[in-house]
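Fold and geometry: a report
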Amino acid sequence: MKKIAIFGTGYVGLVTGACLASAGMKVVCVDIEERKIKMLEEGECPIIEKDLPERIKKGVKTGNLFFTTDAKTAIEECDVIFIAVGTPTKKDSEEADLSAVFAVAETINKHATKRKIVVQKSTVPVGTGSQIEEFFMGKAEGGHGIAFFHAVVSNPEFLKEGNAVKDFESPDRVVIGTSDEDAKKVMSRIYAPFMRTAVGTTDRMIFMSRPSAELTKVFANTMLAMRISAMNAITELAEKFDADAKEIRKGIGSDSRIGPDFLFPGGATFGGSCFPKDVRALIAVMEKAGIDAKLFREVMNVNREQRMRFVVKIFEQLDCSVSESKIAIWGLSFKPGTDDVREAASLDVVQSILDGGGKVALFDAHAKESFRVAFGERAGVEYCDDQYEAIKGADALVILTDAMEFRSLDFEKLHSLMNKVVICDGKNLHDPEEMANEGVQYVCMGRPVFTAKKST
Ligand code: UGA
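These numbers were taken from a predicted model, which means no experiment stands behind them.

Things to note about the layout of surface pockets
If you add up the space inside the second largest pocket, you get close to 950 Å³. As for the second largest pocket, its lining consists of 38 residues, of which Gly-10, Ala-84, Val-85, Gly-86 and Thr-87 are closest to the centre. Where the lining of the second largest pocket is concerned, the elements lending two or more residues are helix H1 (11-22), helix H5 (99-111) and helix H11 (275-288). Residues that form the lining of the second largest pocket fall into these classes: 15 nonpolar, 13 polar and ten charged. Summarising the domain contributions, the lining of the second largest pocket has at least three residues from each of domain 1 (4-208) and domain 2 (210-456).

Digging into empty space enclosed by the protein
Counted by the stated rule, this structure contains three cavities of 30 Å³ or more. Roughly 50 Å³ of internal volume is contained in the largest cavity. As for the largest cavity, its lining consists of Val-124, Pro-125, Val-126, Glu-214, Leu-215, Val-218, Ala-281, Leu-282 and Val-285. Listed by contribution, the elements that provide at least two residues to the lining of the largest cavity are helix H9 (210-240) and H11. In the lining of the largest cavity, the residues fall into eight nonpolar, no polar and one charged.

Some details on the domain arrangement of the protein
By the assigned domains, the protein splits into domain 1 (4-208) and domain 2 (210-456). Taken over C-alpha atoms, the centre of domain 1 sits 33 Å from the centre of domain 2. The interface of domain 1 with domain 2 comprises 30 residues on the first partner and 28 residues on the second. Of the roughly 2400 Å² buried at the junction of domain 1 and domain 2 (both faces included), carbon and sulfur atoms supply 57%. Three residues, Ile-48, Val-126 and Glu-161, lead the burial of domain 1 against domain 2; their summed loss comes to 25% of the area buried on that side. Linking domain 1 with domain 2 are four salt bridges, by the criterion used here. Where domain 1 meets domain 2, there are eleven residue pairs in polar contact (both at pLDDT 80 or more). When residues of the side of domain 1 that touches domain 2 are traced back to their parent elements, those giving at least two are helix H6 (128-137), strand S6 (151-154) and strand S7 (174-177).

Rules of the game
Residues numbered from 1 in each chain as written. Predicted model: local features only at pLDDT ≥ 70, side-chain atom pairs only at ≥ 80, totals over all residues. Heavy atoms only, no water. 1 Å grid on protein atoms, 1.4 Å probe; cavity = no way out; pocket = protein on both sides within 12 Å on 5 of 7 lines; lining within 4 Å. Points joined across faces, edges and corners; volume = space filled by probe spheres on them. Helix = DSSP H or I, 4+ residues; strand = E, 2+ residues; numbered from the N terminus. Nonpolar A, V, L, I, M, F, W, Y, C, P; charged D, E, K, R; others polar. Domains from an automatic or database assignment. Contact = heavy atoms within 4.5 Å. Buried area = accessible area lost by both parts, 1.4 Å probe. Salt bridge = Lys/Arg side-chain N within 4 Å of Asp/Glu carboxyl O. Polar contact = N/O pair within 3.5 Å; in protein donor to acceptor, adjacent residues only side chain to side chain.

If you want it as structure tokens, here you go:
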């Protein structure tokens, strides 16, 4: 098997590298951040991701996985080079910032002494693969003075944070966008260990053109985001008629054409580094191409408006003014099982409470430090190590992720520790009627409201 270099040791690059190495391939992961590479060489995993530390350890122990900042040697030694660097939204527009992708292309051009298979795994707008190819072809004068006809393949990732190793090792599909026959063979061999259970027409390796692969990635995320926004868009009407979004989800999800996944509504609407960025990037590409992206703009509008509707609901539940309140928040990351707070609901909810002059007490099993870094040190913010410590003297508890530890509640503690037992559940985890029976003043999105039975 050819040796593989992976540029970028973020969620995608590191998971890809560690999983390929633990399946027996020789992989070198390259990054410009020396601190990160040092950490990895010492066997430490820089991110919180289930099963990843074990895969890294296995790769290193078997002598299959290496880490380096030496891009030149990695390029010289490897025939297959994955680009797995970040493509965040640009500061001044909705477009994806491709500077890191092109910096890697530049480095490959500089150091390659023969043809490479360049596998583009970063999430990019449609057409980027062609731009990279044109970049290589136009570089006859650069590097070694030879324009190599590197094969540029699109191989998008479909990894969910918190489940990324499993998604990589048991993929629903592996999309390969290329018309290069040699590249097709090499990519088939790389992914063969993860295709053992696939047979014949149910093979999970899907070959297509490069632009189709690029669009498949961004549109898959947009489609999932659209489902969530569609559910969120129905919650206000459900509330007006005492209908229950949970029942509706079951009702529509049992239709095999619809399915039950990614239909959970809530006030803590979708966040993370992927859905918001990819929907925005698709809108930007469409508008650049002169196409009205109104449907997809609404996906983002619904997401933002639902978050704000939830903040209003939180404030309505308070017996005191916001400025006199202390509000406990459970869940700071954009989803459980990660310390990633990018575009998390917590950032907007905490900001709104502080803007109103209130105080917050925050709990998250993994994301306190990353929230502190993203949000900055601010007056009125207390970080707690225990979820029940956060509710001491609180006027309301706001739940923002569906972490396991938030799914069952200690009512005795709630009643003894809180000023008033008010729960605003941004993930619709609990049953409103049961909450009322336990004396909890409970609100969520798209479900009926019941009056709390016991006095609180
Ligand atoms: C997403 C996709 O699910 C992956 O397939 C894709 O590879 C990845 O983006 C990527 O582009 O790298 P991820 O962002 O890690 O994965 O997380 P998801 O589990 O998809 O959740 C995204 C957001 O949607 C979270 O804030 C989650 O709480 C929210 N969500 C999810 C809902 O609000 N409702 C749902 O029903 C499902």
